[in-house]
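Observations on chain architecture
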Amino acid sequence: MKGKLYVVSGPSGTGKGTLCKALLALRPQIQLSVSCATRQPRPGEVDGVHYYFITQEEFLRRRAEGDFLECAQINGGYWYGTPRGVVLEKLEQGESVLLEIENNGAQQVIKRYPQTVSVFILPPDRMALIQRLVDRGTEDLERLEKRIGKVPSELEAAKGYTCLVVNDQVAHATARLAQIFDGDLTVLPRERETLDRLVQEFADPQRSLALLRDYYQKSRMDFELEVRR
Ligand code: ADP
Ligand code: 5GP
């Protein structure tokens, strides 16, 4: 392969989408892979731009034909996958290709293409991740609980990634991501320490769920008070 393959992953709500978008503004030459997904488009999402929205039937047929570089069924529901042909073609042309995908898919890519540069985006701490997920407002409590429940195993996997980026402030984290794409693959002591601290914070799943439920209820109450005003 002439070009370089990059994978950006991390827990849901950690800021992968936000940082990748900001990175592409800084480094427009990077090619972001558009995935296939079987979920419905959200308001504002455009077919072929955010995802190729396809049916589960088509997804499974293409999967059986080996059309995906990696794929995963997320939370036992919708399928997501990276179209193989487009990515390999761009790499053959010497382009840098970026996949923004969840950890199961990232592991498949790292295994198949060990030269992949993998980047795991860390939240600064547990409460920040909970607040970002809830405040984004795209999931109900049951789905939020599933997402928070996956974090300990995702953090375990983070140890095997090439680089770590702490998403404290968007500008700062984007600059760090750009450095990685420019070839600086060192892991800073602060990044390792943040991962170790997060592993400890998330080691008690019941406490993480209690914090999530408290924050979710509080934000619902604040919202209702706002509506009544
Ligand atoms: P992911 O793609 O990892 O699921 P998003 O990019 O959707 O995460 O970010 C989750 C939420 O957190 C969004 O509402 C986003 O605006 C917010 N967010 C992202 N980065 C930061 C940051 N550094 N500080 C505060 N909020 C952030
Ligand atoms: P959403 O439905 O919120 O857009 O995305 C849900 C999750 O799917 C996110 O964590 C996102 O990174 C991940 N994702 C998006 N595209 C792909 C893909 O092609 N493969 C895999 N494995 N995950 C993906």
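Below: a short report on this structure. (Residues numbered from 1 in each chain as written. Chains lettered and ligands numbered in written order. Predicted model: local features only at pLDDT ≥ 70, side-chain atom pairs only at ≥ 80, totals over all residues. Heavy atoms only, no water.)

The strand order β2-β7-β1-β8-β9 describes an open sheet built from 5 strands, whose pairing is parallel. The two strands at the open ends of the sheet, each matched to only one other strand, are β2 (31–32) and β9 (163–166). As judged from the 4 bridges shared by strand β1 (residues 5–9) and strand β8 (residues 117–122), these two strands associate in the parallel manner. Looking at β8, one finds that V8 is bridged to V119. (Pairing = 2+ DSSP bridges. Helix = DSSP H or I, 4+ residues; strand = E, 2+ residues; numbered from the N terminus.)

Tallied over the full model, the rule gives 13 salt bridges. With a shortest N-O distance of 2.7 Å, D182 and R27 are connected by a salt bridge. Of this pair, D182 sits in the loop between α8 (170–181) and α9 (189–201) while R27 sits in the loop between α1 (16–26) and β2; the two residues are 155 residues apart in sequence, bridging distant segments of the chain. You can call R27 partly exposed: its relative accessible area is 21%. Among the salt bridges present, the one from R136 reaches E139, with a minimum N-O distance of 3.4 Å. Salt bridges sharing common partners tie together E58, R62 and D67. (Salt bridge = Lys/Arg side-chain N within 4 Å of Asp/Glu carboxyl O. Buried < 20%, exposed > 50% of the residue type's maximum accessible area, 1.4 Å probe, protein only.)

Moving on, we come to the nonpolar core. L5, L99, L122, L155 and L212 are the most contacted members of the largest nonpolar core, which has 34 residues in total. For this core, the leading source of residues is helix α10 (residues 205–228), giving 5 residues. Filtering out sequence-adjacent residues up to four positions away, L99 remains in contact with L5, Y6, V7, V8, S33, L69, T82, V87 and V109. (Core = buried A, V, L, I, M, F, W, Y, C linked by side-chain atoms within 4.5 Å. Contact = heavy atoms within 4.5 Å.)

Our next topic: the layout of surface pockets. When its volume is computed, the largest pocket comes out at roughly 1300 Å³. Residue lining of the largest pocket: 43 residues in total, with G17, R42, Y51, E100 and R136 positioned closest to the centre. If one sorts the elements of the lining of the largest pocket by residue count, α1 sits on top with 6 residues. Among the residues making up the lining of the largest pocket, the classes are represented as 13 nonpolar, 15 polar and 15 charged. Of the pockets and cavities examined, the second largest pocket occupies roughly 290 Å³. Along its surface, the second largest pocket is lined by 15 residues, and R39, Y78, Y80, R143 and R147 are the ones closest to its centre. Per element, the largest residue contribution to the lining of the second largest pocket is 4 residues, and it comes from helix α6 (residues 141–149). Each residue belonging to the lining of the second largest pocket can be placed in one class, and the counts come to 3 nonpolar, 4 polar and 8 charged. (1 Å grid on protein atoms, 1.4 Å probe; cavity = no way out; pocket = protein on both sides within 12 Å on 5 of 7 lines; lining within 4 Å. Points joined across faces, edges and corners; volume = space filled by probe spheres on them. Nonpolar A, V, L, I, M, F, W, Y, C, P; charged D, E, K, R; others polar.)

Here we take up the packing of helix α5 (residues 126–136) against α10. As a packed pair, α5 and α10 sit with axes 10 Å apart at the nearest point and diverge in direction by 45 degrees. Classified by the interaxial angle, the pair formed by α5 and α10 is oblique. Seen along the crossing, α5 lies across α10 with a hand that is right-handed. Contacts between α5 and α10 involve R126, M127, I130, Q131, V134 and D135 from the first element and R207, S208, L211, L212, Y215, Y216 and S219 from the second. Here the residues of the contact of α5 with α10 sort into 7 nonpolar, 3 polar and 3 charged. (Axes fitted to C-alpha atoms, helices over the stretch in contact; angles between N-to-C directions. Parallel < 35°, antiparallel > 145°, perpendicular 65-115°, else oblique. Left-handed = near helix turned anticlockwise from the far one by under 90°.)

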